[in-house]
Amino acid sequence: MQHYFGTIVDGHAILDSAQRHHLVDVRRAQIKERVEIADGADVFLCEVVSLDPLDILVIGKSEERRELDNELILAFATLKSDHNDLIVLKGAELGVSRFVPFVSERTVVKPKEPEDNKILRLRKIALEGAQQCRRAITPKVDGYARFIDVLDIEADIKMFAYEGQAGNSNSLLDIAKSVEKNRSILVVIGPEGGFSDAEAELARDAGFQFVSLGRRILRAETAALYAASVLSAFSEEGK
Ligand code: SAM
């Protein structure tokens, strides 16, 4: 069944113009066709009752749980080429709730503005990823943050994936295994060139736990998706 994001008002679903265009012009929906509409919290089973004007009636609420039991915030140093797109698309499928692309000392391509076309593109990709795997929410994509702003993000568990920690005993996997339901988790992943000593020191002072992602040093985009995959798996296991 096709999945869209919209707003529910008085038992009817309202779509924005892009979602409407997809349903009516691209998918060529038919009257009586059933679709799922997510409103950012719940997923509703709906039926198209008219196409012009578009009218979508809510028939019921889906009881399927598709979100993780934890809010998962992935802060990643913005990368070269299309690696950011990959992190957001696959991270959205894995259940990330919020992406925070940030600029650190060794970021190779430093954006000039906090919001640019690449950020707008990442938001579109987050929506596509969430739609494809029929999530109840569209993950949020922040504008570019500075490294020091990332240190101030509120979360119950704050992890700093540090290459200097690779193979050491404090692993993200161990922490993921013991995280309780409903606790928010923030993971920070560095750029291609890694974090500087000064950044690591600031993160330690800000109360982050330094974690290993295993024995091998992963490419930054692999590191981000490894962290999202492991946390997603254990969040669904439920404590
Ligand atoms: N150039 C750095 C070096 O050779 O040490 C490697 C940086 S790595 C490509 C990019 C980021 O991925 C790191 O800053 C870190 O956040 C994360 N990362 C990759 N492998 C990791 C590991 N085994 N343990 C912890 N973090 C890791």
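Just so we're clear, the structure is a prediction, and the values are computed from it rather than from any experiment.

A.B. asks: For this particular structure, what's the right way to read unusual backbone geometry?
C.D. replies: In the segment running from D52 into P53, the intervening peptide bond is cis, with an omega of 5°. Positive phi, close to 50°, is recorded for R28, a residue that is not glycine. Mapped onto the elements, R28 comes out in the loop between α1 (17-26) and β3 (34-38). Of note in this structure, R134 is not a glycine but carries a positive phi near 60°. Mapped onto the fold, R134 is located in the loop between α3 (117-132) and β8 (140-141).

A.B. asks: When you look at the nonpolar core in this model, what are you seeing that I'm missing?
C.D. replies: By size, the foremost hydrophobic cluster in this structure holds 34 residues, and its most contacted members are M159, L172, V187 and I189. Taken together, the elements giving at least two residues each to this core come down to β6 (72-77), α2 (83-94), α3, β10 (157-161), α5 (172-178), β11 (185-189) and α7 (220-237). The element that contributes the greatest number of residues to this core is α7, accounting for seven residues. Leave out the neighbours within four places in its chain, and I189 touches L74, A75, F76, A77, F102, A161, F195, L213, A220, A223, A224 and A227. One finds A75, F147, F160 and V188 within the second-largest nonpolar core, a separate group that totals 20 residues.

A.B. asks: I would appreciate a short explanation of the site of the ligand in the present structure.
C.D. replies: Around the ligand lies a shell of 21 residues, among which A161, E163, G190, R216 and L218 are the nearest. In the environment of the ligand, a nitrogen atom lies 3.2 Å from a nitrogen or oxygen atom belonging to the backbone of E192. Look at the ligand: alone it shows 580 Å² of surface, and the protein chains cover 83% of it. Among the residues making up the shell around the ligand, the classes are represented as 12 nonpolar, five polar and four charged.

A.B. asks: What should I look at first to understand the domain arrangement of the chain in this one?
C.D. replies: How large an interface is tends to be reported as the accessible area lost when its parts come together. As assigned here, the chain comprises domain 1 (3-61) and domain 2 (71-237). The junction of domain 1 with domain 2 conceals about 700 Å² of combined surface from both sides, 54% of it contributed by carbon and sulfur atoms. At the junction of domain 1 with domain 2, the criterion picks out one salt bridge. Close ionic contact of E36 with R134 constitutes a salt bridge, the shortest N to O distance being 2.8 Å.

A.B. asks: Teacher, can you tell me more about the side chain of E33 here?
C.D. replies: The topology assignment puts E33 in the loop between α1 and β3. E33 gets classed as buried once you look at its relative accessible area, which sits at 18%. Apart from residues no more than four positions distant in its own chain, E33 is found in contact with R27, C46, E47 and V48.

A.B. asks: Is there a simple way to think about the packing of α2 against α3 in this case?
C.D. replies: Two packed helices can be described by the angle between their axes and the distance between those axes. Here α2 crosses α3 at 30°, and the two axes come no closer than 8 Å. The orientation of α2 relative to α3 falls into the category roughly parallel. Crossing of α2 against α3: the hand is right-handed. Facing N84, D85, V88, L89, A92 and E93 of α2, the residues of α3 in contact are R121, L122, I125, A126, G129, A130 and Q132.

A.B. asks: Please clarify how the sheet that holds strand β1 (residues 3-9) should be interpreted in this entry.
C.D. replies: Across a sheet, strands are paired by hydrogen bonds formed along the backbone, either parallel or antiparallel in direction. Read around the barrel, five strands follow the order β1-β2-β5-β4-β3 and close on themselves; strand pairing throughout is mixed. Adjacent strand axes in the sheet meet at a mean angle of 55° when their direction is disregarded.

A.B. asks: I keep staring at the packing of α2 against α7 and nothing clicks. Help me out?
C.D. replies: Where α2 contacts α7, the two axes come as close as 10 Å, and the packing angle between them is 5°. Taken as axis vectors, α2 and α7 run roughly parallel relative to one another. Side by side, α2 and α7 meet where H83, L86, I87, K90, G91 and L94 of the first sit next to E221, A224, L225, A228, S229 and S232 of the second. Considered class by class, the residues forming the contact of α2 with α7 number six nonpolar, four polar and two charged.

Parameters at a glance
- The residue numbering used here restarts from 1 in each chain and proceeds along that chain's sequence as written.
- Only residues with pLDDT of 70 or above have their local features reported here, since the model is predicted, and side-chain atom pairs are shown and tallied only from 80 upward, although totals for entire chains, interfaces and linings are computed over all residues.
- Derived side-chain values reflect all non-hydrogen atoms in the structure, with water molecules and hydrogen atoms excluded from consideration.
- Secondary structure elements are defined from DSSP: runs of H or I of at least 4 residues count as helices, runs of E of at least 2 residues count as strands, and each element is numbered from the N terminus.
- Residue types Ala, Val, Leu, Ile, Met, Phe, Trp, Tyr and Cys, when buried and joined through side-chain atoms within 4.5 Å, form a set referred to as a nonpolar core.
- Only protein chains enter the area calculation, which uses a 1.4 Å probe; residues under 20% of their type maximum are buried, those over 50% are exposed, and those in between are partly exposed.
- Note on definitions: a residue-residue contact is assigned when non-hydrogen atoms from the two residues lie within 4.5 Å.
- What makes a residue near a molecule or strand is one non-hydrogen atom of that residue sitting within 4 Å of it.
- Two N or O atoms form a polar contact when they lie within 3.5 Å of each other; inside protein one atom must be a possible hydrogen donor and the other a possible acceptor, and for residues adjacent in sequence the pair counts only when both atoms belong to side chains.
- Using a 1.4 Å probe, the Shrake-Rupley method yields the accessible areas, and only the shown protein chains count as cover for residues.
- In this classification, the charged set is Asp, Glu, Lys and Arg, the nonpolar set is Ala, Val, Leu, Ile, Met, Phe, Trp, Tyr, Cys and Pro, and all remaining amino acids, among them Gly, are polar.
- All the domain ranges listed were derived from an automatic or database domain assignment.
- Once two parts are brought into contact, the accessible area they lose, counted with a 1.4 Å probe and summed over both, makes up the buried area.
- A side-chain nitrogen of Lys or Arg and a carboxyl oxygen of Asp or Glu constitute a salt bridge if their distance falls within 4 Å.
- Axis angles are defined between N-to-C directions and span 0 to 180 degrees, where every axis is a line fitted to C-alpha atoms and, for a helix, only to the segment in contact.
- For classification purposes, an angle smaller than 35 degrees is called roughly parallel, one larger than 145 roughly antiparallel, one from 65 to 115 roughly perpendicular, and anything else oblique.
- Left-handed is the label given to a crossing in which the near helix is rotated counterclockwise from the far helix by less than a right angle, and right-handed is the label when the rotation is clockwise.
- Note on pairing: DSSP must find at least two bridges between two strands before they are called paired.

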